[in-house]
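Here's the letter readout for the chains.
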Amino acid sequence: MTTQMLVHDLKSPIAALDTLIFALADRLHDDEVNLANLAISRIKDKFKLLKQKSSEQKEYSNLIELIKRVINEKRIFYIGKNVEINFKQSETLFTKVLIEPIKFKRIISDIIENAKEAMPDGGHIVIHLSRTADNIIIKVRDNGVGMSPQILKLVQEKGGTYLKENGSGKGLQHAKECLRMWGGSLEIDSILGIGSIITLNIPISNKPSLGQV
Ligand SMILES: Nc1ncnc2c1ncn2[C@@H]1O[C@H](COP(=O)(O)OP(=O)(O)O)[C@@H](O)[C@H]1O
Ligand SMILES: [Mg+2]
C-alpha cells in the first residue's frame, strides 16, 4: 500500500472518531474527554506527517505532454457534443515542473469537465500556457454560462456545487489544495452569460538538475 493510499484510507475513520468524541462529550467525565482528545490529536499529528510525506511523491513532469494527453481523451469523450478544445502556448517553454502528474491530469480533466458542463449546447474551451519569470501559468477558458457574482464568491471562498444535479462540489477545492501543496495557486474568474477562466500558477523555481531531466 502506498503512503497516498494509506492517507486516503485513514481520512474517514479519523473524522469518525473526531465526531464520536464530540458527540459523547456530554456523557463522559472531563478527564475521559481530555484523554480521548489527547489521543485523537496525537493520531492527527502523525496523520499530518504522513500526509506531508505522501505529498512529497512529486516528479518532474512535462506539463505540455500531460495537458495534451488529457485533451486527447476529452476530445474522444465529447465527440458529437459540439465542444471544441484548443491548446495554445505563448512560446516554446521549459515546462518540466515538480508536481504529482496523476493529480495534475485529474485537475485538468475536472476543469475541462466543468467547462463542458457549463456549455450544454456546446462551445469552445481554450487552454493557454505561458510563463512569467517564476511561474508557469495555465488558463482554461470557456464561453459557457458563467457564474453570477454571488455564486462565484461562494465557489472561490468555500467551494461547493451550484446549479448542477449531480455535482460533488469537490473538484475545484481539491485542485486548489493540490496547487497549494505544489507551491502554486488556483484562481477562478467568471462572468455570467460570458464564460469562465480558471488559472493555475505553478512555480518553476525547482528546476531539475541535469541528472533528473
Ligand atoms: N467553467 C465553469 N463555468 C460555470 N460554472 C462553473 C465552472 N466551473 C465551476 N463552476 C461552478 O463551480 C461549482 C464547483 O465546481 P466543482 O468544484 O468542480 O464541483 P462540481 O463540478 O462537482 O459541482 C460548480 O458546481 C459550478 O456551479
Ligand atoms: Mg466539477
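**Notes on the domain arrangement of the protein**
Argument step 1. As far as domains go, the protein holds domain 1 (3-54) and domain 2 (59-212).
Argument step 2. Distance between the C-alpha centres of domain 1 and domain 2: 33 Å.

**Some remarks on the site of ligand 1**
Argument step 1. Contacts to ligand 1 come from 25 residues, most closely from Asn114, Ala118, Thr161, Gly167 and Gly171.
Argument step 2. Counting only elements with at least two residues in the shell around ligand 1, the list comes to helix 4 (101-117), helix 5 (149-158) and helix 6 (171-181).
Argument step 3. The residue makeup of the shell around ligand 1, split by class, is 9 nonpolar, 12 polar and 4 charged.

**What about the packing of helix 4 against helix 6?**
Geometry of a packed helix pair, given as the angle between the helix axes and the separation of the axes.
Argument step 1. Packing of helix 4 against helix 6 leaves a shortest axis separation of 10 Å and a crossing angle of 145°. Crossing of helix 4 against helix 6: the hand is left-handed. Residues Lys103, Ile107, Asp110, Ile111 and Asn114 of helix 4 touch helix 6, and the partners they reach there are Gly171, Ala175 and Cys178.
Argument step 2. Taken together, the residues that form the contact of helix 4 with helix 6 break down as 4 nonpolar, 2 polar and 2 charged.

**Concerning the sheet that holds strand 7 (residues 195-203)**
Argument step 1. Read from one edge to the other, the open sheet built from 5 strands follows the order 2-4-5-7-6, with strand pairing classed as mixed. Either end of the sheet is taken by a strand with one partner, and the two such strands are strand 2 (83-89) and strand 6 (185-191). Taken over all neighbouring pairs, the strand axes of this sheet differ in orientation by 15° on average, direction set aside.
Argument step 2. Here 7 bridges tie strand 4 (residues 123-131) to strand 5 (residues 135-142), and the two strands are oriented antiparallel to one another. Of the residues in strand 5, the one forming a bridge with Arg131 is Ile136.
Argument step 3. Against the sheet, helix 3 (residues 63-77) makes contact with strand 2, strand 4 and strand 5, and its axis sits at roughly 170° relative to strand 2, the strand it touches most.

**Examining the packing of helix 3 against helix 4**
Argument step 1. Contact geometry for helix 3 and helix 4: axes closest at 9 Å, N-to-C directions at 45°. As summarised for this structure, helix 3 and helix 4 are arranged oblique, according to the angle between their axes. Crossing handedness for the pair helix 3 and helix 4: right-handed. Note on element contacts: helix 4 touches helix 3 through Pro101, Phe104, Lys105, Ile108, Ser109 and Ile112, opposite Leu66, Ile67, Arg69, Val70 and Lys74.

Calculation rules
- Residues numbered from 1 in each chain as written.
- Chains lettered and ligands numbered in written order.
- Predicted model: local features only at pLDDT ≥ 70, side-chain atom pairs only at ≥ 80, totals over all residues.
- Domains from an automatic or database assignment.
- Near = placed C-beta within 6 Å.
- Helix = DSSP H or I, 4+ residues; strand = E, 2+ residues; numbered from the N terminus.
- Nonpolar A, V, L, I, M, F, W, Y, C, P; charged D, E, K, R; others polar.
- Axes fitted to C-alpha atoms, helices over the stretch in contact; angles between N-to-C directions.
- Left-handed = near helix turned anticlockwise from the far one by under 90°.
- Contact = placed C-beta atoms within 7 Å.
- Pairing = 2+ DSSP bridges.
- Parallel < 35°, antiparallel > 145°, perpendicular 65-115°, else oblique.

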